[in-house]
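A closer look at the structure
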Amino acid sequence: MTTTAPVHPVDEVPPVRQLAAFGLQHVLAMYAGAVAVPLIVGSAMKLSAADLAYLITADLLVCGIATLIQCIGFWRFGVRLPIMQGCTFAAVSPMVLIGTTGGGLPAIYGSVIVAGLAIMLLAPVFGKLLRFFPPLVTGTVILIIGLSLLPVAGNWAAGGVGAADFGEPKNLGLAAFVLLVVVGVQRFAPAFLSRIAVLTGIVVGLAVAVPFGFTDFDGVGDADWLGVSTPFHFGAPTFEFSAIVSMLVVALVTMTETTGDLIAVGEMTDRKVEPRSLADGLRADGLSTVLGGVFNTFPYTAYAQNVGLVGMTRVRSRWVVAAAGGILVLLGLLPKLGAVVAAIPAPVLGGAGLVMFGTVAASGLRTLTQVDFKGNNNLTVVAVSVAVGMLPVGVPTVYEKFPDWFQTVMNSGISAGCLTAIVLNLLFNHLPSKAGSVAPEAAVLAGGGTEETVEKSREEVV
């Protein structure tokens, strides 16, 4: 008899019905963030309604293609994990600055293409840095990712930034209702329904929101049935030195963020990310960013929102997220479908987001349980990294007096916290100890590994 090797949960292909439901859940989790970037950039550039609609549909199309590349993969492109791709917020400020200071849209997309090529070239280098991401660093980064996303969910729950009724009790009440539905479904519903608890909460929340006047579907009637994105829609790209430099800084930031997200999903799915697979994932990011420049959209990166969804639902199949990529492609080609999804009110997304983003933070804490905090400085590494990572989240204007390149790096709590964790881990755990001190590892070897031995050695030094 011949036995077939068991299929890893990441490679399992669920039935079509489940694929569609799980995939739609991932789309709804990231849709608001994906649409926000073209709205912000297009509004700052004072684009017409038609051009703004093009930006949104083209962005959704490339989001879908980028997700398919990352999940399914080909040759050395794609990490082949359940990773959702979307446009990065780190590029918003530089793109607006480039577009409004004389370079215009062609200069934006020229710099995006160069940044994508640079990411592909640098991917193997980042892959070799994986040894600097032990559980101490990865757990801290995953914790920061979750904590930095919680204000996003809070803004949605209050009605969405800029909403006239922001903070109204009815908005928070609707978000709380959706939160209760998600938790209730996950606790009491059958196994299949519990895995689509977020989707169920959003659908039930939308059903309640419509009769109470939270949203309307007028925009659906105005949307076109078919929208085709064409290369270089806004003209041939131009390559300006200053624009390229600022976008290269963005590329380094997104590579750092993506590294954290890939490691987080690897932890959640029990398929550890190796140096080669990390390089493949970053290379896919670079290719997607080049496509973004060609189709006049944005740089692309792994979406942390969906990392939480993987951890919460425990659905680890990459084919589920690939199905979500296919749905995004359809939304990019059929603007009317995109308008239906866009009609979901922010409080509904906020209630679901609180669960998902909290799950990311909890996953970081779970990873940190693998770390030894006795007789060493690991607690300091976590404390300072979380503090630095949360600083721009709690005080968004803290770095506004600094140069643009510095703001691009440090205004992202994820990249700021990740860089801090890497540097502090190197400082405390890789550099030689100062003269006269006894390293914790040496104390453990000498005295059987107890904390008492470490303390005794310190007293002898004093």
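Here the structure is shown first, and the text comes after it.
The structure reproduced in this document is the subject of the present report. As the structure is a prediction and not an experimental result, all values here were calculated from the model.

Turning our eyes to something else, we now look at the overall build of the protein chain. Secondary structure summary: the protein chain contains 20 helices and two strands in total. Considering only residue pairs separated by 6 or more positions, the protein chain has 82% of its internal contacts joining residues 24 or more positions apart. On the protein chain, roughly 20,100 Å² of surface is accessible, and the fraction owed to carbon and sulfur atoms is 67%.

In contact at an axis separation of 9 Å, helix α10 (residues 241-269) and helix α18 (residues 413-429) are set at 75° when each is read in the N-to-C sense. As summarised for this structure, α10 and α18 are arranged roughly perpendicular, according to the angle between their axes. Listed contacts from α18 to V253, T256 and E257 of α10 are I414, S415 and C418.

Let us look at the environment of I69. Here I69 lies in helix α2 (residues 49-72). Here the alpha-carbon distance between I69 and S288, two residues 219 residues apart in the chain, equals 8.2 Å. Contact partners of I69, with chain neighbours within four places excluded, come to F74, F77, G78, A284, L287, S288 and L291.

What follows is about helix α12 (residues 304-313). The buried fraction of α12 is high, at nine of ten residues. Among the residues of α12, those classed as buried are A304, Q305, N306, V307, G308, L309, V310, M312 and T313. Phi turns positive, to about 60°, at R314, one or two residues after α12.

Right, let's talk about the packing of helix α6 (residues 169-188) against helix α15 (residues 346-368) for a bit. Running from N to C, α6 and α15 cross one another at 45°; their axes reach a closest spacing of 7 Å. Between α6 and α15, the interaxial angle falls into the category oblique. The two elements α6 and α15 meet at a crossing, and its hand is right-handed. Here N171, L174, A175, V178, L179 and V182 of α6 lie close against α15, whose contacting residues are P347, V348, G351, A352 and V355.

Inspection of every chain in the model, using the stated rule, returns seven aromatic pairs. Taking the centre distance of 6.5 Å and the plane angle of 10° together, the rings of Y109 and F234 count as stacked. Taken together, the residues Y109 in helix α4 (residues 104-127) and F234 in the loop between α9 (218-222) and α10 connect sequence positions 125 residues apart. What makes F234 buried here is its relative accessible area of 18%. Each ring, one from Y399 and one from F402, has its centre 5.7 Å from the other, and the planes form 85°; the classification is edge-to-face. Of the residues examined, F402 reaches a relative accessible area of 39% and is grouped as partly exposed. Put simply, the rings of Y54, Y109 and F234 pair up and form one aromatic cluster.

Let's shift gears to the pattern of salt bridges. Taken as a whole and assessed by the stated rule, the structure comprises six salt bridges. The shortest N-O distance in the salt bridge between R76 and D280 comes to 3.0 Å. Of this pair, R76 sits in the loop between α2 and β1 (85-87) while D280 sits in helix α11 (residues 275-294), and the two are 204 residues apart along the sequence. On the basis of relative accessible area, D280 is assigned to the buried category, the value being 6%. Two residues, K272 and E267, come together in a salt bridge whose shortest N-O distance is 3.3 Å. For E267, a relative accessible area of 17% translates into the label buried. Beyond isolated ion pairs, a larger network of salt bridges with shared partners links D11, R271 and R318.

What follows deals with the nonpolar core. Formed by 120 residues in total, the largest nonpolar core has its most connected members in M84, V198, I202, M247, F298 and L328. In contact with L328, not counting residues within four places along its chain, are V27, M30, L60, L61, C63, G64, T67 and M84. Membership of the second largest hydrophobic core comes to ten residues, among which are I144, L368, V382 and L424.

Take unusual backbone geometry next. For residues other than glycine, phi is negative in most cases, and the peptide bonds are mostly trans. Of note in the backbone geometry, D270 takes a positive phi value of approximately 60° without being a glycine. Looking at D270, the relative accessible area reads 57%, which means it is exposed. A positive phi angle is found at N296, which is not glycine, with a value near 60°.

On to α15. With 23 residues, α15 extends 33 Å between its outermost C-alpha atoms, agreeing within 8% with the 33 Å of an ideal straight helix rising 1.5 Å per residue. If you look at α15, its biggest bend is around 30°, right at G353. The buried fraction of α15 is high, at 17 of 23 residues.

On the surface, a cluster of nonpolar side chains totalling about 230 Å² of accessible area is made up of L122, V125 and L252. Tracing the sequence through the fold places V125 in helix α4. A relative accessible area of 47% places V125 in the partly exposed class.

Parameters at a glance
Sequence order as written defines residue numbering, which begins from 1 separately in each chain. At least 70 in pLDDT is required for a residue's local features to be given in this predicted model, at least 80 for side-chain atom pairs to be given and counted, and no such filter applies to totals for whole chains, interfaces and linings, which use all residues. To obtain the side-chain values, all non-hydrogen atoms of the structure were used and water was disregarded. Numbering goes from the N terminus for both helices and strands, where a helix is a DSSP run of H or I of at least four residues and a strand is a run of E of at least two. Throughout, a contact is declared for two residues whenever any of their heavy atoms are within 4.5 Å. To measure how exposed things are, a 1.4 Å probe is used in the Shrake-Rupley method; for residues, cover is taken only from the protein chains shown. Axis angles are defined between N-to-C directions and span 0 to 180 degrees, where every axis is a line fitted to C-alpha atoms and, for a helix, only to the segment in contact. Small angles under 35 degrees read as roughly parallel and large ones over 145 as roughly antiparallel, with 65 to 115 read as roughly perpendicular and the rest as oblique. Note on exposure labels: buried denotes an accessible area under 20% of the residue type's maximum, exposed denotes more than 50%, and partly exposed covers the range between, all computed with a 1.4 Å probe on protein chains only. Crossing handedness is read from the near helix: turned anticlockwise from the far helix by less than a right angle, it gives a left-handed crossing, and turned clockwise, a right-handed one. Each aromatic pair joins two rings of Phe, Tyr and Trp (for Trp, the six-membered one) with centres within 6.5 Å, and gets the label stacked for planes under 30 degrees apart, edge-to-face for over 60, and tilted for any other angle. Each reported salt bridge corresponds to a side-chain nitrogen of Lys or Arg within 4 Å of a carboxyl oxygen of Asp or Glu. The set of buried Ala, Val, Leu, Ile, Met, Phe, Trp, Tyr and Cys residues whose side-chain atoms join them within 4.5 Å is what this entry labels a nonpolar core. Under the convention used throughout, the expected extent of a helix is 1.5 Å for every residue step, that is, one less than its residue count. The reported bend at a residue is simply the angle between two axes, fitted to the 7 residues ending at it and to the 7 residues beginning with it. Without a salt bridge and with relative accessible area above 30%, a residue can belong to a patch; like charges are then joined within 9 Å and nonpolar side chains (Val, Leu, Ile, Met, Phe, Trp, Tyr) within 5 Å.

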